[in-house]
Amino acid sequence: MQLKDIHKQRAVQHVTKTKSKYKTNCQKQHSRLSEIRNSIMANKMSYPDTGYEGLSDIKVNFCKNIEDNIVARLMAKPMKFLASYKHPFTQIQKNYDKVVVEELREWPIWIATYLNAVFSTHELRKLQELVLRNLIRYGNVYVTPSFKTEFYATMKNGKVNKRVKGERPEFQVIPFNNIYLDDRFKDVQQSPAVIRVHD
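Source: prediction; values computed, not measured.

A.B. asks: Help me understand the packing of aromatic side chains, please; the structure alone is not making it clear to me.
C.D. replies: The description of an aromatic ring pair rests on the distance of the ring centres and on the angle between the ring planes. According to the stated counting rule, one finds 4 aromatic pairs in the structure shown. Between the aromatic rings of Y96 and W107, the centroid separation amounts to 6.2 Å while the plane-to-plane angle is 85°, which identifies the pairing as edge-to-face. A residue pair is termed long-range when its members are at least 10 positions apart, and Y96 in the loop between α3 (89–92) and α4 (98–118) and W107 in helix α4 qualify at 11 residues. Given a relative accessible area of 31%, W107 falls into the partly exposed group. Ring geometry for F119 and F171: centres 6.0 Å apart, planes at 10°, overall stacked. Of the two residues, F119 sits in the loop between α4 and α5 (122–138) while F171 sits in strand β4 (residues 159–174), which places them 52 residues apart along the sequence. This pair shows no difference in class: F119 is buried, exactly as F171 is. Each residue in the set F81, F119 and F171 is aromatic and connected to the rest through ring pairs, giving one cluster. The lysine or arginine in question, K162, covers the ring of F151, its NZ or CZ lying 4.6 Å from the ring centre.

This is the structure we're talking about:
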């Protein structure tokens, strides 16, 4: 079923109006965060007279120092995943054969083991650090999950063959200013609408 032009126009108007409302409220929140950072940055570190010009009064990026200290503490130990079924197991096992039920009990353990192994890699550790820094700076962070496939090339008889090297889950951090939602909610699942601005 295709929407009529009048319905498409109303939908665009509704999204535009909602975005404008959410953007105004979100900008107020961003301004409050900027004021907090500016008040922290207004402080200066004073040193005793060392005899060297310019060392007695130095402005230090306290926000960066605080951020680095918190991130270092959180990243000191690797992330540990726990997996479980959303619904009671007795309800889930009704949809499977008795032979599969024993494997069903192991699935959460397998999933948690896999995620722990994948997220201990250097690439995803760097993404975790980026998530933590956004969480500390803005009080929230938005990501989109994805699945990355890595390839390698081999040559045989003058022909290049592309083969799969490995696959792993991944996520992309969305800039905090590119997400607009109802400011009464911090969780995107609770907000009546979530609007993402991108090119």
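A.B. asks: Before we go on, may I ask you to explain the pattern of salt bridges in this structure?
C.D. replies: Oppositely charged side chains may form a pair once their charged atoms are brought near each other. Summed over all chains, the structure comprises 5 salt bridges. The shortest N-O distance in the salt bridge between D68 and R133 comes to 2.9 Å. Placement of D68 in helix α2 (residues 62–74) and of R133 in helix α5 is noted, with a sequence separation of 65 residues between them. By relative accessible area, which is 15% here, R133 ends up buried. With its nearest N and O atoms 3.7 Å apart, the salt bridge here joins E129 to K126. Taken together, the residues span about one helical turn, with E129 and K126 both in helix α5 at a distance of 3 residues.

A.B. asks: Help me understand unusual backbone geometry, please; the structure alone is not making it clear to me.
C.D. replies: Backbone geometry follows two general trends: most residues other than glycine have a negative phi, and most peptide bonds adopt the trans configuration. Phi at N157 takes a positive value of approximately 55°, unusual for a residue other than glycine. Mapped onto the fold, N157 is located in the loop between β3 (142–156) and β4.

A.B. asks: Teacher, can you tell me more about the packing of α2 against α5 here?
C.D. replies: Working note: a packed helix pair is described by the angle between its axes plus the distance between those axes. Viewed as axis vectors pointing N to C, α2 and α5 meet at an angle of 130°, and their least axial separation amounts to 10 Å. Judged by the inter-axis angle, α2 sits oblique to α5. Two packed elements cross with a definite hand, and for α2 against α5 that hand is right-handed. Contacts between α2 and α5 pair K64, E67, D68, I70, V71 and L74 from the former with E129, L132, R133, I136 and R137 from the latter. In terms of residue class, the contact of α2 with α5 is built from 5 nonpolar, no polar and 6 charged.

A.B. asks: Mind showing me how you'd approach the environment of N178 here?
C.D. replies: With respect to the helices and strands, the residue N178 is situated in the loop between β4 and β5 (179–181). Expressed as a C-alpha distance, the spacing of N178 and V197, which sit 19 residues apart in the sequence, is 5.0 Å. Those residues in contact with N178 that lie beyond four places of it in its chain are I195, R196 and V197.

About the thresholds
Position numbers for residues count from 1 along each chain, tracking the sequence in the order it is written. In keeping with the model being predicted, local features are shown solely for residues with a pLDDT of at least 70 and side-chain atom pairs are shown and tallied solely at 80 or more, while totals for entire chains, interfaces and linings include all residues. Side-chain figures throughout are based on the complete set of non-hydrogen atoms in the structure, without hydrogens or water. In this analysis, rings of Phe, Tyr and Trp, with Trp reduced to its six-membered ring, are considered paired at centre separations within 6.5 Å, and the interplanar angle assigns stacked below 30 degrees, edge-to-face beyond 60, and tilted for intermediate values. Note on conventions: DSSP H or I runs of at least 4 residues are helices, E runs of at least 2 residues are strands, and numbering of each starts at the N terminus. Partly exposed residues are those whose accessible area sits between 20% and 50% of the maximum for their type, while under 20% is buried and over 50% is exposed, using a 1.4 Å probe and protein chains only. Remark: a charge is flagged as sitting over a ring if the NZ atom of Lys or the CZ atom of Arg is within 6 Å of the ring centre and within 35 degrees of the ring normal. The term salt bridge refers to a pairing of a side-chain nitrogen on Lys or Arg with a carboxyl oxygen on Asp or Glu at a separation within 4 Å. The convention used is that axes are lines fitted to C-alpha atoms, helices contributing only their stretch in contact, and that angles between N-to-C directions extend from 0 to 180 degrees. Angle categories are assigned with fixed cut-offs, so that under 35 degrees is roughly parallel, over 145 is roughly antiparallel, 65 to 115 is roughly perpendicular, and the rest are oblique. Crossings are classed by handedness, with left-handed meaning an anticlockwise turn of the near helix from the far one by less than a right angle and right-handed meaning a clockwise turn. Note on contacts: a residue pair qualifies if any of its non-hydrogen atoms lie within 4.5 Å across the two residues. Just so you know the grouping, Ala, Val, Leu, Ile, Met, Phe, Trp, Tyr, Cys and Pro go in nonpolar, Asp, Glu, Lys and Arg go in charged, and all remaining residues, Gly too, go in polar.

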